[in-house]
Amino acid sequence: MADEPLVLGIETSCDETGVGVVRGTTLLADAIASSVDEHARFGGVVPEVASRAHLEAMVPTIERALKEAGVSARDLDGIAVTAGPGLAGALLVGVSAAKAYAYALGKPLYGVNHLASHICVDQLEHGPLPEPTMALLVSGGHSSLLLAPDITSDVRPLGATIDDAAGEAFDKIARVLQLGFPGGPVIDRLAREGDPKAINFPRGLTGPRDAAYDFSFSGLKTAVARWIEAKRKAGEEVPVRDVAASFQEAVVDVLTRKAIRACKDEGVDHLMIGGGVAANSRLRSLAQERCDDAGIILRVPRPKLCTDNGAMVAALGAEMVRRNRPASDWDLSADSSLPVTDPHVPGSGHGDGNGSGDGHAHGHGHGHAHDHDHVHELSKDNLYS
């Protein structure tokens, strides 16, 4: 284990300031500071509020993660950060912090993809990912089916949402039902006491001529909202628990149906589910049921690792180091629309972390060379005495 790369990961794509420390595929620390309460009164995430919250939480959260892991910042073999996709301002805070720490410490910097990180985090729970891995990622911003032959260099999109993401639909229906924000957890809780067959809500893009792997939840959201509105106009009580259960069933039915089909079509016998909505209890149970029927092995991380966190970024960063992938340049920037086909943002030199031809190994035998002579020892001593 001592020979495995020790990496710190920073995640700031939305409203969670996440910092994780990973050694190889072993999780040492997962510190999170959430600003969700600050957004609740607005009914959704406010980018400027999120960015300011990241600024305030960054240094304390990094210090908490290092303390929890029982390691010094000097011990790190690299620093990974979410470069995209996400909210531009929020991403910029994380990228700037990662660059500052990496520069001051003389460590390689890895700008990684948020979606690929959600896949890689499963290594911390269930060991190395099978290759290829089929991944269903569902969150407030994404609903995607991805095939990953190599999580560090080859991630292929098979399908994605064409309108609302699954988590976004949960939040919007919760708002209509006046359940507050975020909507996923409260709908999941209420649905357990409701009847999922009480109302036959539509299943988007499931017709014979529809795209096999794409998702659409906008029509479902509208149908549910109109059903609720009609009940209220008629002066009838809205059966909130039955609505929650029936809506939730429509979402997870489509998600799992398409994921199983993709596995069969691609000849993949493993399905990984990640993203914030993967914490949904009904999605987990229906996916397990359908995977068992299809002879597919289901991998779902524990709920805390499904939502945005720094551990997932550290996990992908550690894999980048282990596989000797090129580190990022110092001019790494935040990319709010970074495509999932780019699991990480390599440096222009592609031979080492900083585009420099002469470097030194980082000390764990991974053969990854970096030149950090330009980092002043005085600066590092001042910051990390």
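Residues numbered from 1 in each chain as written. Predicted model: local features only at pLDDT ≥ 70, side-chain atom pairs only at ≥ 80, totals over all residues. Heavy atoms only, no water.

Draft legend 1. Molecular detail of the overall build of the protein chain. A tally of regular secondary structure across the protein chain gives 13 helices and 13 strands. The buried share of the protein chain, taken over its 385 residues, is 54%. Long-range pairs, those at least 24 residues apart, make up 73% of the contacts in the protein chain with a sequence separation of at least 6. Carbon and sulfur atoms make up 49% of the accessible area of the protein chain, which amounts to about 15700 Å² in all. (Helix = DSSP H or I, 4+ residues; strand = E, 2+ residues; numbered from the N terminus. Buried < 20%, exposed > 50% of the residue type's maximum accessible area, 1.4 Å probe, protein only. Contact = heavy atoms within 4.5 Å. Areas by Shrake-Rupley, 256 points an atom, 1.4 Å probe, with all protein chains shown as cover.)

Draft legend 2. The arrangement of the pattern of salt bridges in detail. According to the stated counting rule, one finds 21 salt bridges in the structure shown. Among the salt bridges present, the one from Glu 236 reaches Lys 231, with a minimum N-O distance of 2.8 Å. With relative accessibility at 41%, the residue Glu 236 sits in the partly exposed group. The partner of Asp 253 in a salt bridge is Arg 290, with the nearest N and O atoms 2.9 Å apart. Of this pair, Asp 253 sits in helix α9 (residues 240-266) while Arg 290 is found in helix α10 (residues 281-294), placing the two residues 37 residues apart along the sequence. Classification of Asp 253 as buried rests on a relative accessible area of 8%. Through salt bridges that share partners, Glu 131, Asp 150, Glu 319, Arg 322, Arg 323 and Arg 325 make up one connected network. (Salt bridge = Lys/Arg side-chain N within 4 Å of Asp/Glu carboxyl O.)

Draft legend 3. Spotlight on the sheet that holds strand β4 (residues 78-84). Here we have 6 strands laid out as an open sheet, ordered β3-β2-β1-β4-β5-β11, and mixed in their pairing. The open sheet has two edge strands with one neighbour each: β3 (26-34) and β11 (344-345). Bridge count for strand β1 (residues 6-11) against β4 is 4 bridges, and the pairing is parallel. By the bridge assignment for β4, Ile 10 is matched with Val 81. Those strands touched by helix α12 (residues 310-322) are β1, β2 (16-23), β3, β4, β5 (109-113) and β11, and its axis lies near 135 degrees from that of β1. (Pairing = 2+ DSSP bridges. Axes fitted to C-alpha atoms, helices over the stretch in contact; angles between N-to-C directions.)

Draft legend 4. Layout of the pairing of strand β8 (residues 154-160). Note that strand β7 (residues 143-150) and β8 share 5 bridges and pair antiparallel. For Ser 144, the partnering residue across the bridge sits in β8 and is Ala 160. Connecting β7 to the next strand, β8, in antiparallel fashion are 3 residues.

Draft legend 5. Molecular detail of the sheet that holds strand β9 (residues 270-274). Ordered in space as β8-β7-β6-β9-β10, the 5 strands form an open sheet in which the pairing is mixed. Edge strands, defined here as strands with exactly one partner in the open sheet, are β8 and β10 (297-299). Averaged over all pairs of adjacent strands, the angle between strand axes in this sheet comes to 25 degrees, irrespective of strand direction. Its contacts with the sheet place α10 against β6 (133-138), β9 and β10, and it is angled at close to 160 degrees to β10.

Draft legend 6. Just the environment of Glu 68, in detail. The residue Glu 68 is located in helix α2 (residues 47-69) in this model. Residues Glu 68 and Gly 20 lie 48 residues apart in sequence; the distance between their C-alpha atoms is 9.7 Å. Among residues more than four places away in sequence, those in contact with Glu 68 are Leu 28, Ala 29 and Asp 30.

Draft legend 7. Structural context of helix α3 (residues 88-105). With 18 residues, α3 extends 26 Å from end C-alpha to end C-alpha; this agrees with the ideal 26 Å at 1.5 Å per step. If you check which residues of α3 are buried, you get Ala 90, Leu 91, Val 93, Gly 94, Val 95, Ala 97, Ala 98, Tyr 101, Ala 102, Ala 104 and Leu 105. In the stretch just after α3, Gly 106 is the one whose phi turns positive, near 70 degrees. (Expected span 1.5 Å × (residues − 1).)

Draft legend 8. Highlighting the environment of Ala 160. As for its placement among the helices and strands, Ala 160 is situated in strand β8. Along the sequence, Ala 160 and Phe 215 sit 55 residues apart, while their C-alpha atoms lie 5.8 Å from each other.

Draft legend 9. Main features of the pairing of β4. When you tally the buried positions in β4, you get 7 out of 7 residues, the bulk of the element. As judged from the 5 bridges shared by β4 and β5, these two strands associate in the parallel manner. Residue pairing across strands places Val 81 opposite Gly 111, the latter belonging to β5. Handedness of the β-α-β unit built from β4, α3 and β5 comes out right-handed. (Right-handed = clockwise from strand over helix to strand, strands pointing away.)

Draft legend 10. Quick peek at the nonpolar core. Among the nonpolar cores identified, the biggest contains 50 residues, and Leu 136, Phe 247, Leu 255, Leu 271 and Ile 273 are the most heavily contacted of them. For this core, the secondary structure elements donating two or more residues are β6, β7, α6 (166-176), α7 (183-191), α8 (218-233), α9, β9 and α10. With 13 residues, the single largest contributor to this core is α9. Within the second largest apolar cluster, 31 residues are counted, among which are Ala 80, Leu 137, Ala 315 and Ala 318. (Core = buried A, V, L, I, M, F, W, Y, C linked by side-chain atoms within 4.5 Å.)

Draft legend 11. Broad picture of α7. Within α7, the full set of buried residues consists of Gly 183, Val 186, Ile 187, Asp 188, Leu 190 and Ala 191. Those residues of α7 that are buried lie in contact with α6, α9 and α10.

Draft legend 12. Structural view of unusual backbone geometry. Between Gly 84 and Pro 85 the backbone carries a cis peptide bond, its omega angle lying at -10 degrees. Of note in the backbone geometry, Asn 324 takes a positive phi value of approximately 60 degrees without being a glycine. Note that Asn 324 resides in the loop between α12 and β11.

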